[in-house]
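If you want the building blocks of each chain, they are given just below.
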Amino acid sequence: MLKIVVCVSGGGTNLQAIIDGIAAGSITNTEIVGVISNNPGVKSLDRAAAAGIPAFVVRPKDYAVRDDFHKAFLDKLAELQPDLIVLAGFLVRIPEEMVKRYPGRIINIHPSLIPSFCGTGYYGLKVHEKALERGVKVTGATVHFVNEGMDEGPIISQKAVQVLEGDTPEVLQKRVMEEAEWILLPQAIDDIANGRVCMENGRSVRKV
Ligand code: GRF
């Protein structure tokens, strides 16, 4: 049984896709042992509560220095003892120490086809604003293992989504979530939980 901790910041629609996938049996051999949010009072926490999943808030501004926040965050993770950490709409830069402690055991969902529209400053709605500004005809989402860089880890899976005439950032974000994120992330977790995907020698490897 793969024990996962899901890290969130806001709405938690990707968390919900994981919860629903486990309930429906499309994600097997997996248990969400905890949800950690850097923000209190967000919908992600309601979603965790409704599913009976222990949820914790570890908020940067509760700590005088960033290192203390990092320590608190790492201590909470150590308490939950995850096999896999899933960053699902998590908008905080994770501490380098976390990547060292959990090599090949942290994944992230990013709302673009990496290496487009990613890296520092590219998160949430801003990603779709930039895609529309550039005038791309196709965008999508990427699931990747997390390394020391920002959105630079080995890619596990990607899914393309059409950009349509008249799209606003909000409309495009919703389409990318519905047609890509909420499909890719549960699929990646199920693949990892059942030994079909792992990170080896710094690369994402598909076993079967
Ligand atoms: C969304 O923009 C998603 O693309 C990105 O984080 C944002 C919030 O996702 N991964 P969620 O609804 O909190 O899962």
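Heads up: the structure comes first, above all this text.
Okay, so let's go over this structure. (Residues numbered from 1 in each chain as written. Predicted model: local features only at pLDDT ≥ 70, side-chain atom pairs only at ≥ 80, totals over all residues. Heavy atoms only, no water.)

On to the overall build of the chain, then. A count of helices and strands for the chain gives six helices and nine strands. Projected onto the principal axes, the alpha-carbon positions of the chain cover approximately 50 × 45 × 35 Å. Taken over 208 residues, the chain has a buried fraction of 49%. When the accessible area of the chain is evaluated, it comes to approximately 9,900 Å², of which 50% is carbon and sulfur surface. Distance between charge centroids for the chain: 1 Å, based on 23 positive and 25 negative side chains. (Helix = DSSP H or I, 4+ residues; strand = E, 2+ residues; numbered from the N terminus. Buried < 20%, exposed > 50% of the residue type's maximum accessible area, 1.4 Å probe, protein only. Areas by Shrake-Rupley, 256 points an atom, 1.4 Å probe, with all protein chains shown as cover. Lys, Arg positive; Asp, Glu negative; His and termini not counted. Charge placed at Lys NZ, Arg CZ, Asp CG, Glu CD.)

Further remarks concern the packing of helix 5 (residues 125-134) against helix 6 (residues 169-193). Across the interface, helix 5 lies against helix 6 with an axial gap of 9 Å and an inter-helix angle of 110 degrees. Relative to helix 6, the element helix 5 is oriented roughly perpendicular. Judged by the sense of rotation from one axis to the other, the crossing of helix 5 with helix 6 is right-handed. Contacts between helix 5 and helix 6 pair Leu125, His128, Glu129 and Leu132 from the former with Pro169, Glu170, Leu172, Gln173 and Val176 from the latter. In terms of residue class, the contact of helix 5 with helix 6 is made up of five nonpolar, two polar and two charged. (Axes fitted to C-alpha atoms, helices over the stretch in contact; angles between N-to-C directions. Parallel < 35°, antiparallel > 145°, perpendicular 65-115°, else oblique. Left-handed = near helix turned anticlockwise from the far one by under 90°. Contact = heavy atoms within 4.5 Å. Nonpolar A, V, L, I, M, F, W, Y, C, P; charged D, E, K, R; others polar.)

Approximately 710 Å³ is the volume attributed to the largest pocket. In terms of lining, the largest pocket is formed by 39 residues, of which the most central are Gly89, Phe90, Leu91, Asn108 and Tyr123. Only helix 1 (13-24), helix 4 (96-101), strand 5 (106-110), strand 6 (138-145) and helix 6 provide two or more residues apiece to the lining of the largest pocket. In the lining of the largest pocket, the residues fall into 15 nonpolar, 18 polar and six charged. (1 Å grid on protein atoms, 1.4 Å probe; cavity = no way out; pocket = protein on both sides within 12 Å on 5 of 7 lines; lining within 4 Å. Points joined across faces, edges and corners; volume = space filled by probe spheres on them.)

With that out of the way, let us pick up helix 3 (residues 66-80). Compared with the 21 Å implied by 1.5 Å per residue over 15 residues, the 21 Å span of helix 3 between its first and last C-alpha is a close match. Considered for burial, the residues of helix 3 that qualify are Phe69, His70, Ala72, Phe73, Leu74, Lys76, Leu77 and Leu80. Buried positions along helix 3 lie against strand 1 (2-8), strand 2 (30-37), strand 3 (55-57), strand 4 (84-87) and helix 4. Backbone geometry just after helix 3 places Gln81 at a positive phi near 50 degrees. (Expected span 1.5 Å × (residues − 1).)

Taken together, Gly11, Gly12, Thr13, Asn14, Gly89, Ile109, Pro111, Gly124, Gln173, Met177 and Glu181 make up the full set of residues adjacent to the ligand. Separating an oxygen atom of the ligand from a side-chain N or O atom of Thr13 is a distance of 2.6 Å. One of the side-chain nitrogen or oxygen atoms of Glu181 is found 2.6 Å away from an oxygen atom of the ligand. In isolation the ligand offers 360 Å² of accessible surface; the protein chains occlude 91% of this area. Mapped onto the shell around the ligand, the elements with two or more residues apiece are helix 1 and helix 6. Top element by residues in the shell around the ligand is helix 6. It accounts for three residues. (Near = heavy atom within 4 Å. Polar contact = N/O pair within 3.5 Å; in protein donor to acceptor, adjacent residues only side chain to side chain.)

From the geometry alone we can't say anything about function, so treat these as descriptive.
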